[in-house]
Amino acid sequence: MSTYIFITGKHPELSIAELKARYPKHKVWVKGDDFMVMDISEKINQSEFNHLGGSVKAAEFIKEVKKEALIEVLADILNSHYQDMKLDYGLSLYGTSEKQLRPVLLKLKKKLKADGIKSRFINNQFKNISSAQYKSISKKGIELIAVSNKGRFTVGHTVAVQDIDAYSKRDYEKPFRSMQMGMMPPKLAQILINLVGVKGKIWDPFCGSGTLIMEGLLMGRQMIGSDINQKHIEGAKKNTAWLKKEFGTSSSEELLVHDATTPFKESFDAIAFEGDLGVPHNQSIKSDQLKVIAEGLDELYIEFFKNLKKIKKKVPVVAALPFFKLRNGRDEELKCIRQIEKMGFKKTLHLKYSREGQAVGRSVYRFMY
Ligand SMILES: C[S@@+](CC[C@H](N)C(=O)[O-])C[C@H]1O[C@@H](n2cnc3c(N)ncnc32)[C@H](O)[C@@H]1O
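The paragraphs below set out a description of the structure included in this document. For every chain, the first residue of its written sequence is number 1, and the numbers climb from 1 along that sequence. With the structure being a predicted model, the display of local features is reserved for residues of pLDDT at least 70 and the display and counting of side-chain atom pairs for 80 or more, all residues being used for whole-chain, interface and lining totals. The basis for every side-chain value is the complete set of non-hydrogen atoms in the structure, without hydrogens or water.

Overview of the packing of aromatic side chains
The way to describe two aromatic rings as a pair is by their centre distance and the angle between their planes.
Phase 1 of the analysis: Only Phe, Tyr and Trp rings take part, Trp by its six-membered ring, and two of them pair if their centres are within 6.5 Å. Stacked means planes under 30 degrees apart, edge-to-face means over 60, and tilted covers everything else. The final tally for this structure, using the stated rule, is 18 aromatic pairs.
Phase 2 of the analysis: When the centroid spacing of 5.8 Å and the interplanar angle of 45 degrees are considered together, the rings of Phe-121 and Phe-126 count as tilted.
Phase 3 of the analysis: Among the aromatic residues, ring-to-ring pairing joins Trp-203, Phe-206, Phe-264, Phe-268, Phe-273, Tyr-301, Phe-304, Phe-305, Phe-345, Tyr-365, Phe-367 and Tyr-369 into one connected group.
Phase 4 of the analysis: Two limits define a charge over a ring: the Lys NZ or Arg CZ must be within 6 Å of the ring centre, and within 35 degrees of the ring normal. The ring of Phe-323 carries the charged tip of Lys-352 above its face, separated from the ring centre by 4.7 Å.

If you want it as structure tokens, here you go:
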């Protein structure tokens with residue numbers, strides 16, 4: 001087992017659920033608002049980390065220290081990395097205010113100077129190290145992370161960061177995109193896949209442009225995608241061909257036109273999807289419109305789950321379904337969830353994923369039956 005500090009993203013609870021599902025043999029040591037320290041049997045390097053949509057950084061555990069000993073311990077670690085040249089380093093603090101960085105960095109610099117070490121910290125304006133900064137420093141220096149918890153610090157050195165450029169390339173440069181249909185961010189697709197928790201082939205019955213299919217292929221999964229709209233399937237085929245050329249993967253996929261409310265003959269081991277959201281995310285919805293949209297979606301998902309029930313093989317179902325942000329600040333969930341539960345699908349997870357300014361968010365559910 002190795003101990004890692006994971007820095008969680010904008011949806012910490014989803015990030016934590018993803019980590020627990022991807023690394024089922026884990027032991028959680030501590031978790032805070034923006035981090036989790038856990039033991040896992042897998043090794044985290046950049047290529048493994050690239051499969052985690054919910055975390056922004058991972059650091060290998062070095063030591064746990066009392067607050068008062070932090071500077072000394074950080075200086076000792078940097079000392080052991082010093083090789084007679086100038087040492088470039090970065091430091092990020094989590095679980096505490098970023099404002100603490102200034103005094104810590106200045107004291108650390110003083111201590112290193114007193115120890116005879118030529119060093120330079122690269123924290124711009126005393127801010128935590130960004131992914132881009134880490135990429136440049138990782139070649140010749142080191143980033144240390146310290147997370148604060150109840151008067152103690154857990155210290156580690158960064159081993160991987162979120163590859164923002166690769167996500168953005170997959171999101172924006174794929175040949176088929178449709179804002180009207182709505183597309184899921186690749187990071188959310190990875191989270192859904194990890195939440196499935198079982199190995200084997202994944203079916204996305206509402207695959208649209210194929211975001212989840214693409215991420216599954218990169219994660220080494222066999223994938224099957226279907227959609228009622230022929231144009232979307234053609235688009236998804238273009239996107240997966242582009243992905244293979246640009247990113248390379250040895251996994252394979254099948255893509256076919258199919259109405260998810262009717263029997264599906266293909267075999268699969270798990271289901272993961274973002275369903276029809278009813279309206280584009282950024283469009284605000286009047287309450288009379290909402291009633292009609294929600295009723296249509298309730299009907300669609302009830303029919304889909306009813307149909308699923310007929311299939312003998314019982315598989316985990318991870319679904320991102322829409323919820324609507326009302327003008328009075330309340331969130332309106334789809335009513336079909338209760339009925340789906342009554343059909344025998346046991347809800348084992350429900351967490352929200354939404355972006356500021358968008359009228360439609362996604363409720364992430366995992367059902368077992
Ligand atoms: C929000 S989009 C999914 C987008 C997809 N996750 C992506 O990132 O491209 C919902 C999709 O559900 C499809 N859909 C709607 N009703 C369907 C049904 N009855 N059976 C299968 N697909 C359906 C739509 O054609 C659309 O492509």
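A closer look at the sheet that holds strand S7 (residues 142-149)
Phase 1 of the analysis: Think of it this way: DSSP has to see at least two bridges between two strands before they count as a pair. Numbered from the N terminus, helices here are DSSP runs of H or I no shorter than four residues, and strands are runs of E no shorter than two. Reading across the sheet, the eight strands line up as S2-S3-S1-S4-S8-S7-S5-S6 and stay open at both edges, with mixed pairing between neighbours. Of all the strands in the sheet, just strand S2 (27-31) and strand S6 (119-121) have a single pairing partner and so form its edges. On average, each strand axis in the sheet is inclined to that of its neighbour by 35 degrees, with strand direction left out of account.
Phase 2 of the analysis: As paired strands, strand S5 (residues 87-94) and S7 are joined by six bridges and run parallel to one another. In this analysis, axes come from line fits to C-alpha atoms, helices being fitted only over the stretch in contact, and the angle between any two N-to-C directions falls in the range 0 to 180 degrees.

Section: the packing of helix H7 (residues 186-196) against helix H8 (residues 211-218)
Phase 1 of the analysis: Viewed as axis vectors pointing N to C, H7 and H8 meet at an angle of 65 degrees, and their least axial separation amounts to 9 Å. Judged on the interaxial angle alone, H8 and H7 are roughly perpendicular. The handedness of the crossing between H7 and H8 is right-handed. For the pair H7 and H8, contact is made by Pro-186, Ala-189, Gln-190, Leu-192 and Ile-193 and by Thr-211, Leu-212, Glu-215 and Gly-216, respectively. Oblique is the label for any angle not under 35 degrees, not over 145, and not in the 65 to 115 range, which are roughly parallel, roughly antiparallel and roughly perpendicular in turn. Two helices that cross are described as forming a left-handed crossing if the nearer one is turned anticlockwise from the farther one by less than a right angle, and a right-handed crossing if clockwise. Residue contacts are defined here by distance: any two heavy atoms, one from each residue, within 4.5 Å place the two residues in contact.

Things to note about the pattern of salt bridges
Side chains carrying opposite charge are able to pair once their charged atoms draw close together.
Phase 1 of the analysis: The salt bridge definition used is simple: a Lys or Arg side-chain nitrogen within 4 Å of an Asp or Glu carboxyl oxygen. Scanning the entire structure with this criterion turns up 24 salt bridges.
Phase 2 of the analysis: Its salt-bridge partner being Lys-245, residue Glu-246 comes within 3.7 Å of it at the nearest N-O pair.
Phase 3 of the analysis: Burial status follows relative accessibility: with a 1.4 Å probe on protein chains alone, a residue under 20% of its type maximum counts as buried, one over 50% as exposed, and anything between as partly exposed. For Glu-246, a relative accessible area of 34% puts it in the partly exposed group.
Phase 4 of the analysis: Relative accessible area serves as the criterion here: at 65%, Lys-245 is assigned to the exposed category.
Phase 5 of the analysis: Among the ionic pairs, Asp-331 bridges to Lys-352, the shortest N-O distance being 2.9 Å. Of this pair, Asp-331 sits in strand S14 (residues 331-333) while Lys-352 sits in strand S15 (residues 346-353), and the two are 21 residues apart along the sequence.
Phase 6 of the analysis: Connected through shared salt-bridge partners, Lys-169, Glu-173, Lys-245 and Glu-246 make up one network.

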